[in-house]
Amino acid sequence: MPIEFYKHNLGTEEKESIANALDSFFLTTGKRVLDFEHQFSDYLGIPYTVGVNSCTAALHLSLLALGIGPGDEVITTPMTFVATTLAILHVGATPIWVDVERSTGNIDANKIEEKITNKTRAIIPVHLYGNLCDMQKIKGIADKYKLAVIEDAAHCVEGARDGVRVGELGDACCFSFYATKSITCGEGGAVSVHDAALDKKIRSLRTHGMSVDAVDRYKTYKHWDLIAEGWKYNMPDVSAALLLPQISKIDAFWSKRKDVFDQYYAQLKNDFEIIAPIQKSGYHLFTVLCENRDNVLKFLQDKGIGCAVNYRSINTLSYMLAKFNLGYGSFPNSEYIGDRTLTLPLYPKLTEEEITYVCSVLLASKNA
Ligand SMILES: *Cc1c(COP(=O)(O)O)cnc(C)c1O
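In this text, all values refer to a predicted model and were calculated from it rather than measured experimentally.

Undergrad: Whenever I open this one, the site of the ligand confuses me. Can you help?
TA: Around the ligand lies a shell of 16 residues, among which Thr56, Asp152, His155, Ser176 and Lys181 are the nearest. Take cysteine 55: an N or O atom from its main chain is 2.8 Å from an oxygen atom of the ligand. When isolated, the ligand has an accessible area of 380 Å², and the protein chains bury 93% of it. Among the elements of the structure, helix H3 (55-65) and helix H4 (83-90) are those that each provide at least two residues to the shell around the ligand. Of the residues in the shell around the ligand, the class split is seven nonpolar, seven polar and two charged.

Undergrad: Help me understand a nonpolar patch on the surface, please; the structure alone is not making it clear to me.
TA: Among the surface-exposed residues, Tyr221, Trp224 and Leu226 lie close enough to one another that they form a single nonpolar patch of about 360 Å² accessible area. Within the secondary structure layout, leucine 226 lies in the loop between helix H7 (214-219) and helix H8 (237-247).

Undergrad: What exactly am I supposed to notice about the packing of aromatic side chains here?
TA: Counted by the stated rule, this structure contains 14 aromatic pairs. Arranged with centres 5.3 Å apart and planes meeting at 20°, the rings of phenylalanine 36 and phenylalanine 40 form a pair that is stacked. You can see phenylalanine 36 and its partner phenylalanine 40 sitting in helix H2 (residues 31-44), four residues apart, about one turn around the helix. Take phenylalanine 36 and phenylalanine 40: they sit in the same class, and that class is buried. Look at tryptophan 231 and tyrosine 233: their rings are 5.9 Å apart centre to centre, the planes differ by 15°, and that puts the pair in the stacked class.

Undergrad: Please explain the sheet that holds strand E1 (residues 48-52) as it appears in this structure.
TA: With mixed pairing, seven strands are arranged side by side in an open sheet as E1-E9-E8-E5-E4-E2-E3. The outermost strands of the open sheet, each flanked by one partner alone, are E1 and strand E3 (94-97). Across the sheet, the mean angle separating the axes of adjacent strands is 25° when strand polarity is ignored. Bridge analysis of strand E2 (residues 73-76) against strand E4 (residues 120-123) gives three bridges, and the strand direction is parallel. Each residue of the ladder has a partner; that of isoleucine 75, found in E4, is isoleucine 123. Against the sheet, H2 makes contact with E1, strand E8 (172-176) and strand E9 (189-193), and its axis sits at roughly 130° relative to E1, the strand it touches most. Here helix H5 (residues 135-145) sits on the sheet in contact with E4 and strand E5 (148-152), set at roughly 150° to E5.

Undergrad: Just to check I follow, could you spell out the packing of helix H9 (residues 250-268) against helix H13 (residues 352-365) for this structure?
TA: Working note: a packed helix pair is described by the angle between its axes plus the distance between those axes. Interhelical geometry of H9 versus H13 gives an angle of 35° and a closest axis separation of 10 Å. Seen along the crossing, H9 lies across H13 with a hand that is right-handed. Side by side, H9 and H13 meet where Val260, Gln263, Tyr264, Gln267 and Leu268 of the first sit next to Glu352, Ile355, Thr356, Val358, Cys359, Leu362 and Leu363 of the second. Residues belonging to the contact of H9 with H13 are distributed by class as follows: eight nonpolar, three polar and one charged.

Undergrad: Explanation requested: the nonpolar core in the structure shown.
TA: Side chains that are nonpolar tend, in soluble globular proteins, to be buried together. Of all hydrophobic cores here, the largest spans 40 residues; its most connected members are Phe36, Phe40, Ile112, Ile138 and Phe177. Sorting the residues of this core by element identifies H2, H5, E8 and H8 as the ones contributing at least two each. When residues no more than four places from it in sequence are discounted, the contact partners of phenylalanine 40 are Thr49, Val157, Phe175, Phe177, Ile183, Ser192, Ile247 and Ile250. Residues Cys307, Leu342, Tyr347 and Val358 belong to the second largest nonpolar core, which totals 29 residues.

Undergrad: I tried to follow the side chain of threonine 84 on my own but got confused; where do I start?
TA: Structurally, threonine 84 can be placed in helix H4. Classification of threonine 84 as buried rests on a relative accessible area of 0%. Within the local environment of threonine 84, its side chain forms a polar contact with the side chain of threonine 80, the two groups lying 2.7 Å apart. What threonine 84 contacts, discounting residues up to four positions off in sequence, is Leu59, Thr76, Ile124, Val126 and Asp152.

Undergrad: Which parts of the structure should I look at to understand unusual backbone geometry?
TA: With the exception of glycine, most residues fall at negative phi, and the peptide bonds are largely trans. Of note, the amide linkage connecting asparagine 310 to tyrosine 311 takes the cis form, showing an omega dihedral of 5°. Unusually for a residue other than glycine, phenylalanine 25 sits at a positive phi of about 65°. With respect to the helices and strands, phenylalanine 25 occurs in the loop between helix H1 (12-24) and H2. Of note, the phi angle at glutamine 279 is positive, near 45°, even though the residue is not glycine. Looking at where glutamine 279 falls in the secondary structure, it is placed in the loop between strand E10 (273-274) and strand E11 (286-289).

Undergrad: Can you walk me through the sheet that holds E10 in this structure?
TA: The pairing of strands in a sheet happens through backbone hydrogen bonds and is either parallel or antiparallel. The strand order across the open sheet formed by three strands is E10-E11-E12, and the pairing between neighbours is antiparallel. Across the chains shown, the open sheet's two edge strands, defined by having one partner strand only, are E10 and strand E12 (341-344). For E10 and E11, the ladder comprises two bridges, and the chain directions are antiparallel. Among the inter-strand pairings, glutamate 273 is bridged to a residue of E11, identified as leucine 289.

Cut-offs applied
- Residues numbered from 1 in each chain as written.
- Predicted model: local features only at pLDDT ≥ 70, side-chain atom pairs only at ≥ 80, totals over all residues.
- Heavy atoms only, no water.
- Near = heavy atom within 4 Å.
- Polar contact = N/O pair within 3.5 Å; in protein donor to acceptor, adjacent residues only side chain to side chain.
- Areas by Shrake-Rupley, 256 points an atom, 1.4 Å probe, with all protein chains shown as cover.
- Helix = DSSP H or I, 4+ residues; strand = E, 2+ residues; numbered from the N terminus.
- Nonpolar A, V, L, I, M, F, W, Y, C, P; charged D, E, K, R; others polar.
- Patch = residues over 30% accessible without salt bridge, like charges linked within 9 Å, V, L, I, M, F, W, Y side chains within 5 Å.
- Salt bridge = Lys/Arg side-chain N within 4 Å of Asp/Glu carboxyl O.
- Phe/Tyr/Trp six-rings, centres within 6.5 Å; stacked < 30°, edge-to-face > 60°.
- Buried < 20%, exposed > 50% of the residue type's maximum accessible area, 1.4 Å probe, protein only.
- Pairing = 2+ DSSP bridges.
- Axes fitted to C-alpha atoms, helices over the stretch in contact; angles between N-to-C directions.
- Contact = heavy atoms within 4.5 Å.
- Left-handed = near helix turned anticlockwise from the far one by under 90°.
- Core = buried A, V, L, I, M, F, W, Y, C linked by side-chain atoms within 4.5 Å.

Here you go:
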């Protein structure tokens, strides 16, 4: 029984929405993007959202808009997708990795202060697998040293911890709508902020630094000005058309993923070390830690089960190793997880039968 690593939930409503977008003849950033921004902001309870074409762009623009650049240091985690660190490199700043908690894979807030110098300007926590970082502690440190906080929430739209929701305490919160994320348009992203001036800056930076968006330029032609050195990161209306119908389904998808997660957890908890949910997790990924991970990965793939590795500790990847020379031993917990973590299929369409099959193959791998 072949089991896909991921199946999206786009269906009739999304097809209709795309058809309407095509009928309107307006393809780039317009009314649908604005609608998406407002509705997504409403869902999150954060006043402003800017639609962009990836979470990587969202992270990059957040750093730029907060004035972070060459000579600055940004604290983040090595247990994440490379985009988190690449965005810091994109603005010419220096990433400073802090090891993660072994039990969650999230940045260890107790180890942040010792890495702060007079060059530190920001912290980028990543809510790994859907579990919120300890945002109260991180925000406390940020306030004490006057640092910005940019949340990488690519794994977590729905989560909350200690009464704090995703994006509530950060200056900017970055989301991904990449093909395998919990809501998706293939490629897309957004940044949500609390401050009107920051929203305005990011809005301009996503379209080259122009003073107005395309929708305003073309209603009737108006001169526009260039007010900053920006990038080409705007979200097109075609993408927003795919995303819009999904917003009202976020909680229903979440509850189905929680159900899948709970079933995996019940069947595997006695035999595997598992990164468990913390309070209200986003339940984005289900991961188990395996001593001989690469063999187990092959065993599952040979049986038709799609899996992935999220992630190998990024300090061990060739480019980072050559650039920073922080090899094995530098971040023991991140490397521990990176060498062992294996991601199983997790999405609302996964059936009980499929979950049980994945578990039985995984358990059989122990004796293979
Ligand atoms: C997917 C992901 C990103 C990048 O998202 P894109 O939309 O593909 O740029 C960044 N950080 C994390 C943790 C991710 O999982």
